[in-house]
Amino acid sequence: MNITIQHIMDHLTAEVELPETTVDQLITGSPNQTVTGVFVTFMPTQHVIEHAIQRGANLIIAHEPPFYNHHSHTDWLVDDPVYETKRRLIENGGIAIYRCHDAIHRFHPDGITEGLVQALGWSPYVVQRKPESDILSFPEGMTVQLIAEHIKRSLGIEYVRVAGNPKMICRRAAVLVGFRGNGNLTIPLLQQEELDLIIAGEGFEWETPEYIRDAVQQGKQKALLMIGHAESEASGMKLLSERLATAFPELPVHFIGEQPVFQVL
C-alpha cells in the first residue's frame, strides 16, 4: 500500500486533541500525495528543502513554519524576493511541508521536552512532568556552570546565556523548551516548585532575566540559562523522526538539523 501524506498526518494526531486555532497544517502539497521520503526538522530552511529534493524526499515535517510567522500567512510577503525564491523552490521540487507544532507539544509527555531531556541524559533527574515544563532534581554539587557546560557539550552548541551566579549550587530546576521562557510561566514556577534554576529556550529579555537580576540583587539564589529556541526544540524533532521511522519502516525517514542561526562575534 502506498503511504500518503494523509496517513502520516493521521498518525501524528491520532492520540491528541488539537486546539480549534491550531497552527498544525499542511502548508504546501496535497494530502493525497504518495510519500517518497520524509525529512523531519526543526525549521524548513532553504538548505533543508534543497537537501530533501536532492535525497528524493517529498515530505518535510517541521516544528516551525517556512515563511517567517507563526500562522504561516503569506499575503504580506508577496513580491518579497526571499519568499518568492523559497516558494518557487518548494513548488518546483514538489515538496509538501507539514507543520507539527501543537500535536507534538500535546504528546504525553510533551514530545519536544522529552526529546531535550533525553538528549541531555537527564531522564533520571525528572521528578515531575507538567504541561509546560519538566521539574528536575540534580545530584549534590551541581553548579549552574557545570550544567551550562553539559548542555553545550551534549547539544553541540557553542554558547548559552546565563543570568545569575554561574558558581551557584543548583538542586532543583525546570526545563522549558521553545518560547516558554517568559515571566508568566517561569516566575510562578520558581516559587511554587522552589526552584534554583530555569533552563529555557527563549523569552522576552525584559521579563524572566530582569526578575532573576532583581532576585540576585536581593540576595536570593536564583539563576537562568537561555539556550536558544531551536537549540531547545530540535532534539524533540529528532526523537519524532526515530518514532516515525519505527511506525513507517517502509519509508526512508531522516532527521536533518541546521547550523545555529546566530554567530557570536
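In the block above lies the structure referred to throughout.
Treat the numbers as computed from the prediction; the structure is a model and nothing was measured.

S.K.: Quick question: what am I supposed to make of the overall build of the protein here?
M.R.: Regarding its fold elements, the protein presents nine helices and 11 strands. Here the C-alpha atoms of the protein give a radius of gyration of 20 Å, agreeing with the 18 Å that 2.2 N^0.38 yields for 265 residues. The dimensions of the protein, computed from C-alpha atoms along their principal axes, are 60 × 40 × 35 Å. Summarising the internal contacts of the protein: among those between residues at least 6 apart in sequence, 71% fall at separations of at least 24. Accessible surface, the protein as shown: approximately 13,300 Å² in total, 51% of it carbon and sulfur. Of the side-chain charges in the protein, 20 are positive and 33 negative, and the distance between the mean point of each set is 7 Å.

S.K.: I'm lost on the pairing of strand S2 (residues 38-41) in this one. Help?
M.R.: The side chains of a regular strand alternate between both faces of the sheet. Of the two faces of S2, the one holding Val38 and Val40 and the one holding Phe39 and Thr41 are both buried throughout. Where S2 meets strand S3 (residues 59-62), four bridges bridge the pair, whose relative direction is parallel. Bridge pairing links Val38 to Leu59 in S3. Bridge analysis of S2 against strand S11 (residues 253-255) gives three bridges, and the strand direction is parallel.

S.K.: Is there a simple way to explain the side chain of Ser241 in this structure?
M.R.: For Ser241, the location among the structural elements is in helix H9 (residues 229-247). Given the relative accessible area of 5%, Ser241 is considered buried. Sequence-distant contacts of Ser241, that is, excluding residues within four places in its chain, are made with Val40, Val253, His254 and Phe255.

S.K.: Quick question: what am I supposed to make of the packing of aromatic side chains here?
M.R.: The relation between two aromatic rings is expressed through the spacing of the ring centres and the mutual angle of the planes. Under the criterion given, the structure shown has five aromatic pairs. Aromatic side chains Trp122 and Phe138 sit 5.1 Å apart centroid to centroid with 80° between the ring planes, which places their arrangement in the edge-to-face category. Remark: Phe138 occurs in the loop between strand S6 (134-137) and helix H6 (144-155) and Trp122 occurs in the loop between helix H5 (111-119) and strand S5 (126-129); sequence separation between them is 16 residues. Here Trp122 falls in the buried class, since its relative accessible area comes to 3%. Each ring, one from Tyr125 and one from Phe138, has its centre 5.6 Å from the other, and the planes form 70°; the classification is edge-to-face. Of this pair, Tyr125 sits in the loop between H5 and S5 while Phe138 is found in the loop between S6 and H6, placing the two residues 13 residues apart along the sequence. Among the aromatic side chains, those forming a connected cluster through ring pairs are Trp122, Tyr125 and Phe138.

S.K.: Is there a simple way to explain a nonpolar patch on the surface in this structure?
M.R.: Nonpolar side chains collect at one region of the surface, where Tyr159, Val261, Phe262 and Val264 lie side by side and expose about 460 Å² of accessible area between them. Counting through the fold element by element, Val264 comes out in the segment after S11. Its relative accessible area of 57% is what places Val264 among the exposed residues.

Cut-offs and rules
Residues numbered from 1 in each chain as written. Predicted model: local features only at pLDDT ≥ 70, side-chain atom pairs only at ≥ 80, totals over all residues. Heavy atoms only, no water. Helix = DSSP H or I, 4+ residues; strand = E, 2+ residues; numbered from the N terminus. Rg over C-alpha atoms; globule rule 2.2 N^0.38 Å. Contact = heavy atoms within 4.5 Å. Areas by Shrake-Rupley, 256 points an atom, 1.4 Å probe, with all protein chains shown as cover. Lys, Arg positive; Asp, Glu negative; His and termini not counted. Charge placed at Lys NZ, Arg CZ, Asp CG, Glu CD. Buried < 20%, exposed > 50% of the residue type's maximum accessible area, 1.4 Å probe, protein only. Pairing = 2+ DSSP bridges. Phe/Tyr/Trp six-rings, centres within 6.5 Å; stacked < 30°, edge-to-face > 60°. Patch = residues over 30% accessible without salt bridge, like charges linked within 9 Å, V, L, I, M, F, W, Y side chains within 5 Å. Salt bridge = Lys/Arg side-chain N within 4 Å of Asp/Glu carboxyl O.

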